[in-house]
Amino acid sequence: MIAPRPYALLAEITYRCPLHCPYCSNPTQTGNDQELTTDEWTRVIREAAALGVLQIGFSGGEPLARRDLPDLVRAAREANLYTNLITSGVGLDDERVRGLRDAGLDSVQLSFQSDKTDLADEIAGARAHQHKLDVAAKVRAAGIPLSLNFVIHRRNIDRLPEMIELAESLQAERVELANVQFYGWAFLNRAALLPTRDQVVRAREIATAAKARLAGKIDIFYVLPDYYEARPKPCLNGWGQRYLTVNPIGEVLPCPTASSAIPDLRFENVRERALDWIWRESESFNRFRGTEWMPEPCQSCPQREIDFGGCRCQAALLTGNAANTDPVCELSPNRAGVDAVLHDVNSSTDRAPDWTYRVNPKTLRSLEHVT
Amino acid sequence: MQAPTIAGSAQPKLARGVRLQTDSKTGNSVLLFPEGVLELNETAQDIVSRCDGRTVGEIIHTLAEEYDIDPQMLDADVRETLGDLQRRKLIELV
């Protein structure tokens with residue numbers, strides 16, 4: 001099959017993070033390999049641009065945990081990429097905002113855990129909320145477009161109106177209200193994070209109304225709670241079609257959660273192979289490209305080029321086989337498993353169980369200062 | 001189709017954080033913005049590349065001269081394209 005051309009690279013430059021959000025999609029376990037160096041990332045960025053990539057998102061972990069971030073932003077701008085920083089804001093002071101702006105940073109996406117300090121800090125497992133408010137103001141003052149991201153789950157979903165108000169008061173240009181998706185730490189903490197049906201119904205009404213009210217002022221993106229949907233999300237617009245991720249240790253992934261969710265697929269590393277070869281030729285990128293791999297009911301489904309069979313990682317996590325139809329699909333033979341999870345959440349009168357906070361990979365070493 | 005509501009005296013410019021750039025893979029113009037890429041067709045490219053302080057009326061006249069057609073023929077197209085880009089927050093009208 002002829003590989004299409006990728007548009008966006010997600011550069012997960014480190015798994016280190018000062019926050020401990022239980023909804024994090026990072027893997028719960030990582031190897032002890034070394035993070036890519038500045039030079040290695042610079043090469044990856046150039047190879048990505050040559051492949052056709054137009055956008056880069058610097059993410060993690062917390063990308064600000066790497067002091068060489070401005071160098072990487074500069075390398076991306078030199079390669080003509082549009083540069084987004086996806087950050088908790090922790091570590092961003094006036095000097096670093098200026099440094100990033102001068103390096104050519106195009107846009108900042110700042111995460112918030114809630115609108116309320118105590119709840120936000122409880123979710124993050126760190127005192128960060130007040131600092132984030134300052135960071136939002138600094139980003140605005142530097143003239144960099146600001147998006148806010150709220151991951152929504154059982155403990156904060158009822159505060160959606162207040163979160164939208166916060167976005168308005170911070171003059172964000174764009175807000176992502178993203179229902180938690182269950183990968184990594186979030187999958188581990190699913191019972192604590194999954195909202196009830198009543199919560200989900202109300203949140204959708206609030207988001208829809210806010211979207212209409214703020215049209216032309218703030219773009220609101222509402223990411224659906226897919227367990228409650230009848231059809232799966234069009235994950236990544238199809239495997240190996242538009243997006244690629246390079247993780248902190250150099251693995252190239254069709255999807256950021258693939259390396260932990262689909263352990264039986266071998267993912268190539270930029271330390272061993274050129275990015276172009278990995279995108280076009282590797283087994284991991286070709287395994288679920290197009291529609292030929294699809295089983296029934298996807299194979300004969302009129303939706304197959306609309307939702308692409310849903311999410312491969314979710315199929316792997318919930319059915320043990322990444323090649324199955326995403327089990328949130330009502331046509332999947334495995335939908336009953338998802339319904340059982342929803343039944344548990346919606347029939348229990350107990351409060352949600354406690355979650356496990358994300359911890360940092362202890363063994364992961366950074367080589368960025370070594371020359 | 002929405003009725004054109006853009007005044008001829010309005011000055012369209014790229015919104016903050018939006019970049020107009022040539023896509024080296026295709027040679028076409030693209031607008032880059034947070035988490036998005038919009039490939040411009042030839043007309044949209046001609047319009048957007050002239051959003052440099054000129055008014056809508058001036059853009060219509062310049063293009064009419066270049067295409068050697070009656071400005072009336074372009075009027076609706078230009079306003080519709082600009083209206084669409086404005087709704088997507090890719091251009092602002094000053």
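Nothing here was measured: the structure is a model prediction, and the numbers come from that model.

## Brief notes about the overall build of chain B
Of regular secondary structure, chain B possesses 3 helices and 5 strands. From first element to last, N terminus to C terminus, chain B shows the α and β order β-β-β-β-α-α-α-β. Relative to its full complement of 94 residues, chain B shows a buried share of 26%. Pairs at least 24 apart in sequence give 55% of the contacts found in chain B among residues at least 6 apart.

## As for the confidence of the model for chain A
Mean pLDDT over chain A: 94, with 97% of residues reaching 70 or higher. Within the model, pLDDT remains below 50 along residues 363–371 of chain A, and this stretch shows 20 contacts once partners closer than five positions in the same chain are excluded.

## Things to note about the environment of serine 284 of chain A
Inspection of the secondary structure assignment puts serine 284 of chain A in helix H12 (residues 283–286). Between the alpha carbons of serine 284 of chain A and alanine 258 of chain A there is a distance of 9.7 Å; along the sequence they are 26 residues apart.

## A word on the sheet that holds strand S2 (residues 19–22) of chain B
Each strand in a sheet pairs with another by means of backbone hydrogen bonds, the pair being arranged parallel or else antiparallel. Residue and element names in this part refer to chain B. The strand order across the open sheet built from 3 strands is S2-S3-S4, with neighbouring strands paired in antiparallel fashion. Strands at the two margins of the open sheet, each flanked by one partner only, are S2 and strand S4 (36–39). Direction aside, neighbouring strands of the sheet carry axes that sit 30 degrees apart on average. Across 4 bridges, the pairing between strand S3 (residues 29–33) and S4 is antiparallel.

## Here's the deal with the nonpolar core
Residues and elements named next belong to chain A. With 123 residues, the main nonpolar core has Ile45, Val53, Leu72, Ala186 and Cys313 as its most contacted residues. Among the elements that line this core, the one with the most residues is helix H1 (residues 38–51), at 6 residues. With near-sequence residues (within four places) excluded, valine 53 lies in contact with Pro6, Tyr7, Ala8, Leu9, Ala48 and Leu81.

## Looking at the packing of H1 of chain A against helix H2 (residues 69–78) of chain A
Residue and element names in this part refer to chain A. The N-to-C vectors of H1 and H2 enclose an angle of 25 degrees; their axes lie 9 Å apart at closest approach. One finds that H1 runs roughly parallel with respect to H2. Where H1 crosses over H2, the two elements pack in a sense that is right-handed. Where H1 abuts H2, its residues Thr38, Trp41, Thr42 and Ile45 lie against Asp71, Leu72, Ala75 and Ala76. Here the residues of the contact of H1 with H2 sort into 5 nonpolar, 2 polar and 1 charged.

## Let's talk about the interface of chain B and chain A
On the side of chain A, 14 residues touch chain B, which itself brings 12 residues to the contact. For the side of chain B that touches chain A, the secondary-structure elements that each account for two or more residues are S2 and S3 of chain B. Grouping the constituent residues of the side of chain B that touches chain A by class yields 4 nonpolar, 2 polar and 6 charged.

## Quick notes on the environment of threonine 62 of chain B
You can see threonine 62 of chain B is positioned in helix H2 (residues 56–67). Separated by 12 residues in sequence, threonine 62 of chain B and arginine 50 of chain B have C-alpha atoms that sit 9.0 Å apart.

## Quick look at the sheet that holds strand S5 (residues 146–152) of chain A
Residues and elements named next belong to chain A. Strand order in this open sheet of 9 strands is S7-S6-S5-S4-S3-S2-S1-S8-S9, and the pairing throughout is mixed. Of all strands in the sheet, those with a lone pairing partner are strand S7 (219–223) and strand S9 (252–253), marking the two edges. With 4 bridges joining them, strand S1 (residues 8–12) and strand S8 (residues 243–246) adopt parallel strand pairing. Each residue of the ladder has a partner; that of leucine 9, found in S8, is leucine 244.

## Points about the packing of H2 of chain A against helix H3 (residues 94–103) of chain A
Residue and element names in this part refer to chain A. Between H2 and H3, the shortest axis-to-axis distance is 8 Å and the interhelical angle comes to 20 degrees. In terms of their interaxial angle, H2 and H3 are classed as roughly parallel. Where H2 crosses over H3, the handedness of that crossing is right-handed. Facing Leu69, Pro70, Val73, Arg74 and Arg77 of H2, the residues of H3 in contact are Gly99, Leu100 and Ala103. The residue inventory of the contact of H2 with H3, partitioned by class, reads 5 nonpolar, 1 polar and 2 charged.

## Looking at helix H3 (residues 71–87) of chain B
Helical periodicity: at 3.6 residues per turn, an α-helix aligns residues three or four positions apart in one direction. Residues and elements named next belong to chain B. Taking 1.5 Å per residue, 17 residues should reach 24 Å; H3 reaches 24 Å between its end C-alpha atoms and fits that length. Along H3, the residues classified as buried are Leu74, Val78, Arg79, Thr81, Leu82 and Leu85. What you see down the axis of H3 is that its buried residues fit within an arc of 165 degrees, all on one side. H3 presents Gln72, Met73 and Arg87 as exposed residues on the side facing more than 90 degrees away from its buried surface. Where H3 is buried, its residues contact strand S1 (12–14), helix H1 (42–48), H2 and strand S5 (91–93). Phi for lysine 89, located one or two positions after H3, is positive at around 60 degrees.

Parameters and conventions
Residues numbered from 1 in each chain as written. Chains lettered and ligands numbered in written order. Predicted model: local features only at pLDDT ≥ 70, side-chain atom pairs only at ≥ 80, totals over all residues. Helix = DSSP H or I, 4+ residues; strand = E, 2+ residues; numbered from the N terminus. Buried ≥ 20, exposed ≤ 12 C-beta atoms within 10 Å, placed from the backbone. Contact = placed C-beta atoms within 7 Å. pLDDT = per-residue confidence, 0-100. Pairing = 2+ DSSP bridges. Axes fitted to C-alpha atoms, helices over the stretch in contact; angles between N-to-C directions. Core = buried A, V, L, I, M, F, W, Y, C linked by C-beta atoms within 7 Å. Parallel < 35°, antiparallel > 145°, perpendicular 65-115°, else oblique. Left-handed = near helix turned anticlockwise from the far one by under 90°. Nonpolar A, V, L, I, M, F, W, Y, C, P; charged D, E, K, R; others polar. Expected span 1.5 Å × (residues − 1). Arc of directions from axis to C-beta.

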